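# What the coordinates show
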Amino acid sequence: MKEKFFDLKKEKQDRIINGALKVFALNGYKRASTDEMVKEAGISKGLLFHYFESKRGVYLFVCQYSAKYLAMELSRAVGMQETDFFELQKQMELAKMRIMKNYPYMQYFLNQAFLETDEEAVAATEAELDYASKALQLVYEKADLSQFKETVDPSMVLKMTLFALNGLMGDYINKEPIRPEALYQESAAYLDMLREHLYKKE
């Protein structure tokens, strides 16, 4: 039935996708309600199940869609020749900003999906999350880590950076209207500050 879903007008597709993303992102898989999804999307519950059969089917679909959309936006935003760790991260944040303009909860949904513990959800989306993870990993593999000070562990920098950026996104998600541009600008400012303190002086 998912093929027929793409026969719908794009505006209606996006309403359904955004409704599902929001409810899953804010509640997690187990607590997510399809009643809330259809309310957000402005459709009937019967129509949702006509296309996706079950809550598991909706979750799998939006995870597949999100992973592919993320990979597409990363390919657009990340420079082929860029090797600076913090510039690469800023370009990734630019990709996320573009995503949020069309799908405000998509990146937050993916962040939460990586942390999901429900066995049904984890089993359903293992391949999709692996796809998204590899798209991100390809960007990080471009980074020239020799620019860091000798006393700095790049793996710790990455972990700290992701904690900070994901936490910042969580703050913005909880304040409506969500402001993707403001989130990007604040994220970029933090990344510039980290570069100033963690790179070798030229």
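Everything below is about the structure printed above this text.
Calculation notes
Residues numbered from 1 in each chain as written. Predicted model: local features only at pLDDT ≥ 70, side-chain atom pairs only at ≥ 80, totals over all residues. Heavy atoms only, no water. Helix = DSSP H or I, 4+ residues; strand = E, 2+ residues; numbered from the N terminus. Rg over C-alpha atoms; globule rule 2.2 N^0.38 Å. Buried < 20%, exposed > 50% of the residue type's maximum accessible area, 1.4 Å probe, protein only. Contact = heavy atoms within 4.5 Å. Areas by Shrake-Rupley, 256 points an atom, 1.4 Å probe, with all protein chains shown as cover. Lys, Arg positive; Asp, Glu negative; His and termini not counted. Charge placed at Lys NZ, Arg CZ, Asp CG, Glu CD. Axes fitted to C-alpha atoms, helices over the stretch in contact; angles between N-to-C directions. Left-handed = near helix turned anticlockwise from the far one by under 90°. Nonpolar A, V, L, I, M, F, W, Y, C, P; charged D, E, K, R; others polar. Core = buried A, V, L, I, M, F, W, Y, C linked by side-chain atoms within 4.5 Å. Phe/Tyr/Trp six-rings, centres within 6.5 Å; stacked < 30°, edge-to-face > 60°. Lys NZ or Arg CZ within 6 Å of the ring centre and 35° of its normal. Salt bridge = Lys/Arg side-chain N within 4 Å of Asp/Glu carboxyl O.

## Let's talk about the overall build of the chain
- Secondary structure summary: the chain contains 10 helices and zero strands in total.
- Start at the N end of the chain and walk to the C end: the helices and strands fall as α-α-α-α-α-α-α-α-α-α.
- In summary, the chain has a C-alpha radius of gyration of 18 Å against a globular reference of 17 Å for 202 residues, a match within 12%.
- Once the C-alpha set of the chain is aligned to its principal axes, its extents read approximately 60 × 35 × 30 Å.
- Expressed as a percentage of its 202 residues, the buried residues of the chain come to 49%.
- In the chain, once contacts between residues fewer than 6 apart in sequence are set aside, the share between residues at least 24 apart is 73%.
- In the structure as shown, the chain presents an accessible area of about 11,000 Å², 53% of it carried by carbon and sulfur atoms.
- Across the chain, the 28 positively charged side chains and the 31 negatively charged ones have centroids separated by 4 Å.

## A few points about the packing of helix α7 (residues 106-115) against helix α8 (residues 119-140)
- Closest axis-to-axis distance for the α7/α8 pair is 11 Å, and the angle between their directions is 115°. With respect to the hand of their crossing, α7 and α8 are arranged in left-handed fashion. Contacts between α7 and α8 pair L110, A113 and F114 from the former with L129, A132 and S133 from the latter.
- Tallied by class, the residues present in the contact of α7 with α8 amount to five nonpolar, one polar and no charged.

## Focus on the nonpolar core
- F24, F86 and F109 are the most contacted members of the largest nonpolar core, which totals 68 residues.
- The dominant element in this core, judged by the number of residues it contributes, is helix α5 (residues 55-77), at 12 residues.

## Some words on the packing of aromatic side chains
- This structure, assessed with the given rule, holds 22 aromatic pairs.
- Measuring from centroid to centroid gives 4.9 Å for Y29 and Y59, while their planes differ by 65°, and the two rings are edge-to-face. Of this pair, Y29 sits in helix α2 (residues 10-31) while Y59 sits in helix α5; the two residues are 30 residues apart in sequence, bridging distant segments of the chain. Note on accessibility: Y29 and Y59 belong to one class, buried.
- Taking 5.0 Å as the distance between ring centres and 90° as the angle between the ring planes, the aromatic pair formed by F85 and F86 counts as edge-to-face. You'll find F85 and F86 in the same group, each marked buried.
- Cluster of aromatic residues (ring-pair linked, three or more members): F5, F6, Y51, F52, F61, Y65, Y69 and Y103.
- A cation over an aromatic ring shows up here: K55 above the ring of Y29, its NZ or CZ 4.8 Å from the ring centre.

## Focus: the pattern of salt bridges
- Taken as a whole and judged by the stated rule, the model has 16 salt bridges.
- Its salt-bridge partner being K96, residue E93 comes within 3.0 Å of it at the nearest N-O pair. Placement of the pair is E93 and K96 together in helix α6 (residues 85-102), with a separation of three residues, close to one helical turn. One exposure class covers both E93 and K96, and it is buried.
- Each of D84, E87, K90, D192 and R195 takes part in salt bridges that share partners, so that together they form one network.

## With respect to α7
- Most of α7 sits out of view: seven of its 10 residues are buried.
- Residues M106, Q107, Y108, F109, L110, N111 and A113 constitute the buried set of α7.

## Focus: the side chain of E116
- Structurally, the position occupied by E116 is in the loop between α7 and α8.
- No salt bridge is formed by the buried E116. Its closest oppositely charged neighbour is K55, at 8.9 Å.
- Sequence-distant contacts of E116, that is, excluding residues within four places in its chain, are made with G28, Y29, Y59, A121 and V122.

## So, unusual backbone geometry
- The amide bond that connects E176 to the next residue, P177, takes the cis arrangement and shows omega of 0°.
- As for its position among the elements, P177 is in the loop between α9 (154-173) and α10 (180-198).

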